[in-house]
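If you want the building blocks of each chain, they are given just below.
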Amino acid sequence: MGKPINILAINSSARKNRSITREMVDLFLEQVNSKTQTNIVNRDVGMSPPSFINENWIAAAFTDKDALTQEQKEILSESDSLINEIKSADIIVIGAPMYNYSMPASLKAWFDQIARVGLTFSFDLSRGDQPIEPILIGKQLVVLSSRGEFDFAIGKQRAHLNGLDPALSACAHYLGASANEMKSAIVEYEEFKDHRWETSVKNAKKEIKAIAENLVVSSR
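Because the structure is a prediction, the values reported are computed rather than measured. The residue numbers shown here count from 1 along each chain, following its written sequence. Under the rules for a predicted model, residues below a pLDDT of 70 receive no local features and side-chain atom pairs below 80 are neither given nor counted, while totals for whole chains, interfaces and linings still include all residues. With hydrogens and water set aside, each side-chain value is computed from the structure's full complement of heavy atoms.

1. Digging into the side chain of Thr-21
By the element assignment, Thr-21 lies in helix H1 (residues 20–33). Its relative accessible area of 1% is what places Thr-21 among the buried residues. Polar contacts, as used here, are pairs of N or O atoms within 3.5 Å; protein pairs need one atom able to donate a hydrogen and one able to accept it. Residues neighboring in sequence count only if both atoms are side-chain atoms. Separated by 3.3 Å, the side chains of Thr-21 and Ser-19 make a polar contact. Sequence-distant contacts of Thr-21, that is, excluding residues within four places in its chain, are made with Asn-11, Ser-13, Gly-95, Ala-96, Pro-97, Leu-144, Ser-145 and Ser-146. A run of H or I in DSSP counts as a helix once it spans at least four residues, and a run of E counts as a strand once it spans at least two, with each numbered from the N terminus. Buried residues are those whose accessible area, probed at 1.4 Å on protein chains only, stays under 20% of the maximum for their type, while exposed residues exceed 50% and partly exposed ones sit between those limits. Contacts are residue-level and defined by heavy atoms, with any inter-residue pair within 4.5 Å sufficient.

Take a look at the structure:
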């Protein structure tokens, strides 16, 4: 038996019950657990949202580590803990429902807390117009999402309304993951609850099982 896979599971649904994305995350974890040993850290930002960043947070985040005051260290302690969870993970799975065509505020707050210069990305103007580079590498990102409407993919009728998928892709590098290698499963038609929704749920479950299988195989 190989070494356990370390998984960071992020749930961002505001619903504790009747949450499609929570069910999707649970299914993914069950599938990986059934195939290999895992260490799972659960971070429920939907039920326990991270703090919003503010002026004091920004000032602390851009202060050299050796110059931080005790107060600034305390301000950054939440961010430090969240980043350590990412550093320890091999796989990061995010349950991300689409709220008002974007990500839940709690998930955005989490991203704001973990986007830290010197810890998850570097910034160097000598690189010209591309000053930002990721610091973390080698993570696998899985996004499991549910949408009330449908056809948000590129080229579809609601693609111009999709503020969720582009934001997650843009932020993947903060997690040490590649947007091009991001795996996803999506449930649509949730507000319609008709045969199209049932088919979407069924297809998403198949996709989740396939993603879990492929990630386990690739980790061996």
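2. Focus: the pairing of strand S6 (residues 140–146)
The two faces of the sheet receive side chains in turn, since in a regular strand these alternate between them. Across the 7 residues of S6, 6 count as buried, placing the element largely inside the fold. The criterion for strand pairing is that DSSP finds at least two bridges linking the strands in question. By the bridge criterion, 5 bridges tie strand S3 (residues 91–95) to S6 in an arrangement that is parallel. In the strand pairing of S6, Ile-92 is matched with Leu-141. Here 5 bridges tie S6 to strand S7 (residues 183–187), and the two strands are oriented parallel to one another. Looking across to S7, one finds that Ser-145 is bridged to Ile-186. Once the chain exits S6 it traverses helix H5 (residues 164–171) before rejoining the sheet at S7, and the crossover so formed is right-handed. Handedness of a crossover is defined as follows: with both strands directed away from the viewer, a clockwise route from the first strand across the helix to the second makes it right-handed.

3. Notes on the environment of Trp-57
When you line up the elements, Trp-57 lands in helix H2 (residues 55–61). Between the C-alpha atom of Trp-57 and that of Lys-73, which follows or precedes it by 16 residues, the distance is 9.7 Å. The residues touching Trp-57, leaving out its near neighbours within four places in the chain, are Ile-75, Leu-76, Ser-79, Asp-112, Gln-113, Ala-115 and Arg-116.

4. Regarding the nonpolar core
Buried residues of nine kinds, namely Ala, Val, Leu, Ile, Met, Phe, Trp, Tyr and Cys, make up a nonpolar core once their side-chain atoms join them within 4.5 Å. Counting 30 residues, the largest nonpolar core has Ile-94, Trp-110 and Phe-111 as the members making the most contacts within it. Those elements giving two or more residues to this core turn out to be strand S1 (5–11), helix H3 (70–88), S3, helix H4 (105–114), S6 and H5. Of the residues forming this core, the biggest block, 4 residues, is contributed by H4. Those residues in contact with Trp-110, other than ones at most four positions away along the chain, are Leu-8, Ile-10, Arg-43, Val-45, Pro-50, Leu-82, Ile-86, Ile-94 and Leu-175. Within the second largest apolar cluster, 26 residues are counted, among which are Met-24, Leu-27, Val-93 and Leu-144.

5. Some details on the UniProt feature "binding site: FMN" (unreviewed entry) in the protein
UniProt positions are given in the numbering used here, feature names are shortened, and annotations may be inferred rather than shown by experiment. UniProt marks Ser-13 with the feature "binding site: FMN" (unreviewed entry), using the numbering shown here. Apart from residues lying up to four places away in sequence, Ser-13 is in contact with Ser-19, Thr-21, Arg-22, Gly-46, Met-47, Gly-95, Pro-97 and Tyr-99. At 3.2 Å, the side chain of Ser-13 forms a polar contact with the side chain of Ser-19.

6. Looking at helix H6 (residues 195–219)
The end-to-end C-alpha distance of H6, which contains 25 residues, comes to 36 Å, matching closely the 36 Å that a straight helix rising 1.5 Å per residue would cover. Every buried residue of H6 is accounted for by Trp-197, Ser-200, Val-201, Ala-204, Ile-208, Ile-211, Ala-212, Leu-215 and Val-216. Helix span, expected: 1.5 Å multiplied by one less than the number of residues in the helix.

7. Some words on unusual backbone geometry
Within the chain, Asn-100 stands out as a residue other than glycine whose phi angle is a positive 50°. If you trace the backbone, Asn-100 turns up in the loop between S3 and H4. Take Asn-100: its relative accessible area is 75%, and that puts it in the exposed class. For Asp-151, which is not a glycine, the phi torsion comes out positive at approximately 65°. Tracing the backbone through its elements, the reader meets Asp-151 in the loop between S6 and H5.

8. Here's the deal with the pattern of salt bridges
A side-chain nitrogen of Lys or Arg and a carboxyl oxygen of Asp or Glu constitute a salt bridge if their distance falls within 4 Å. One pass over the structure, following the stated rule, counts 11 salt bridges. When the shortest N-O distance is used, the salt bridge between Asp-165 and Arg-147 registers 2.7 Å. Taken as a pair, Asp-165 in helix H5 and Arg-147 in the loop between S6 and H5 lie far apart in primary sequence, 18 residues in all. With relative accessibility at 23%, the residue Asp-165 sits in the partly exposed group. Overall, the relative accessible area of 1% leaves Arg-147 in the buried class. Salt-bridge contacts for Arg-158 lead to Glu-149; the nearest nitrogen and oxygen are separated by 3.0 Å. Residue classification places Arg-158 among the buried residues on the basis of a relative accessible area of 16%. By relative accessible area, Glu-149 is classed as partly exposed at 24%.

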